[in-house]
Amino acid sequence: MRPDPALAPTGTAAGLPQLPVRVRLGRADDLRAELVIEVGLPPDLAKAATELTLEATCSGPESVRSTTLPVQLPVSPGGRRKAAGGDLLQGRVVLTEPAYWSPELPMLYRVGGRLLSAGQPVAGLDEWVGLRRLGVRGRSLWLDGRRWVPRGLAGGRANDPDLADWLAAVEATTVAVVELPAAVAADDRLPLWNCLAEADRLGRPLFIRLAAGSPLATTAGVARLARHSAVLAAMLPAELFAAAAEWKRVAGTMLLAAEVPGTQPPPAALPGIDLVVVRLAADTLPTLTWRVPATLPAVVWQAAAAPSRAGCDRLQAALAGWRLAGERPPADWDWAGFLVG
């Protein structure tokens, strides 16, 4: 995103090491949003005896698809707390008439400033963030105040140099499923990171599929993914289900999805898991045990050699016929989403 000079964060110092910023959305509605700004402290600063002060602002919103009256608000000091990945310095901002992020209207705010030690700048922060109202109601997914039914294509790989081209070929507002294999280094050279920043800007919704043993299959890794408003869900294999309860504390409004086979009955409730992704082989449908719905929203993922948005529509139509044959599931229940690939 090309920064608006009028909205440049005050107090940003050039040449300082940049610190990661995480924004947690607190109480929020159409008129007001409470934001908690959390800045990760490196070990040397966390152990320093001098007082640390956050001097920062929150400005915006900006979007590639819309313009609105911008604001620039100071970040109020909020204290310090310990977390699994290290100490966090907190601040708070209250926005009136906030602009939320959605694939149709990807609104972003800019959080920037400096970290002061004994009054002297020792680090900087400058990050674009989207405020994402995403969650679960009953057995459905809700995004920005309305029911959201994801339809998506799988096939992207986080370490593919051509990942940006693959994402660009996916139809706008269609979820792109990107796999992060176990044997891939997750450093800043990974093509995924630039693609995530661009997806935030363009409103391109993503599901990230974590493999067991992936370098991002950690509390810190999940927190890093959750910083991107475009990452709407992290998909977990069975080997990672046990970590979901811990990861949910840092995932915020990013959903955690459990991959389960469609050849087995729906699983019982899983701590920290928001939805299930039901895996199907090509040209197959779930077993009859799924006529008794899972307690969580269930998104169906059917294997396909040449995934397309039309394939999502065909899968949805086939499942509509499936639910009408034989003993039917409850009339008020339906599948929460459809993926192919």
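In the block above lies the structure referred to throughout.
Per chain, residues are indexed from 1 in the order of the written sequence. With pLDDT at 70 or above as the cut-off, local features in this predicted model cover only qualifying residues; side-chain atom pairs require 80 or more to be listed or tallied, and sums for whole chains, interfaces and linings still use all residues. Only hydrogens and water are set aside when side-chain values are computed; all heavy atoms of the structure are taken into account.

A. Quick look at the pattern of salt bridges. Definition used for salt bridges: Asp or Glu carboxyl oxygen within 4 Å of a side-chain nitrogen of Lys or Arg. With the rule as written, the count across this model stands at 20 salt bridges. Between Glu-246 and Arg-249 there is a salt bridge whose closest N-O contact spans 3.0 Å. Taken together, the residues Glu-246 and Arg-249, both in helix H5 (residues 244-251) and three residues apart, mark about one turn of the helix. With a 1.4 Å probe rolled over the protein chains alone, any residue whose accessible area is under 20% of its type maximum counts as buried; one over 50% counts as exposed, and the rest are partly exposed. Assessed through its relative accessible area of 29%, Glu-246 is described here as partly exposed. Since its relative accessible area comes to 63%, Arg-249 is described here as exposed. Residue Arg-323 is joined to Asp-334 by a salt bridge in which the shortest nitrogen-to-oxygen separation is 3.5 Å. With Arg-323 in helix H6 (residues 309-324) and Asp-334 in the loop between H6 and strand E19 (337-340), this pair connects stretches of sequence that are 11 residues apart. Residue classification places Arg-323 among the buried residues on the basis of a relative accessible area of 14%. Taken together, the shared-partner salt bridges in this structure form one network comprising Arg-157, Glu-179, Arg-209, Glu-259 and Arg-279. Runs of H or I in DSSP of at least four residues are treated as helices and runs of E of at least two as strands, each being numbered from the N terminus.

B. Up close: the pairing of strand E10 (residues 140-143). Where strand E9 (residues 134-137) meets E10, four bridges bridge the pair, whose relative direction is antiparallel. Residue Leu-134 lies in a different strand from E10, and its bridge partner there is Leu-143. Taking the residues that link successive antiparallel strands as the turn, the E9-E10 hairpin has two residues, and the phi of Gly-138 there is positive, at about 65 degrees. Taken together, the three bridges between E10 and strand E11 (residues 146-148) define a ladder with antiparallel strand orientation. Within E11, the residue paired with Leu-141 across the bridge is Trp-148. Any two strands with at least two DSSP-identified bridges between them are counted as paired. Counted along the chain from E10 to the antiparallel partner E11, the turn is two residues long, and its residue Asp-144 has a positive phi close to 55 degrees.

C. Expanded view of the sheet that holds strand E17 (residues 275-280). Overall, parallel pairing links the eight strands, which are arranged E12-E13-E14-E15-E16-E17-E18-E19 in a closed barrel. Strand-to-strand twist of the sheet, defined as the mean angle between neighbouring strand axes without regard to direction, takes the value 30 degrees. Sheet topology places strand E18 (residues 298-302) next to E19; four bridges connect them, and they run parallel. Opposite Gln-302, over in E19, you have Val-340 as the bridge partner. Contacting strand E13 (175-180), strand E14 (206-210) and strand E15 (231-236), helix H3 (residues 191-202) crosses the sheet at an angle of about 155 degrees to E14. On the sheet, H5 packs against E15 and strand E16 (255-261) and is oriented at approximately 145 degrees with respect to E16. Axis geometry follows a simple rule: fit a line to the C-alpha atoms, using only the stretch in contact for helices, then measure angles between N-to-C directions, giving values from 0 to 180 degrees. When checking whether two residues touch, look at their non-hydrogen atoms; a contact exists if any pair is within 4.5 Å.

D. View of helix H4 (residues 219-226). In terms of burial, H4 is a largely internal element, six of the eight residues being buried. Among the residues of H4, Thr-219, Gly-221, Val-222, Ala-223, Leu-225 and Ala-226 are the ones counted as buried. Turning to H4, the residues buried within the fold contact H3, E14, E15 and H5.

E. Summary view of unusual backbone geometry. That bond from Gly-60 to Pro-61 is cis: its omega, 5 degrees, falls within 30 degrees of zero. One can find Pro-61 in strand E3 (residues 52-62). A positive phi angle, near 70 degrees, is found at Thr-173, a position not held by glycine. Positionally, Thr-173 belongs in the loop between helix H2 (163-169) and E13.

F. Quick look at the packing of H4 against H5. The interhelical angle for the contact between H4 and H5, taken along N-to-C directions, is 35 degrees, at an axis separation of 8 Å. The handedness of the crossing between H4 and H5 comes out as right-handed. Contacts between H4 and H5 involve Thr-219, Val-222, Ala-223 and Ala-226 from the first element and Glu-246, Trp-247, Val-250 and Ala-251 from the second. When its residues are assigned to classes, the contact of H4 with H5 shows six nonpolar, one polar and one charged. Helix crossings are classified by the rotation of the near helix relative to the far one: an anticlockwise turn of less than a right angle makes the crossing left-handed, while a clockwise turn makes it right-handed. In this classification, the charged set is Asp, Glu, Lys and Arg, the nonpolar set is Ala, Val, Leu, Ile, Met, Phe, Trp, Tyr, Cys and Pro, and all remaining amino acids, among them Gly, are polar.

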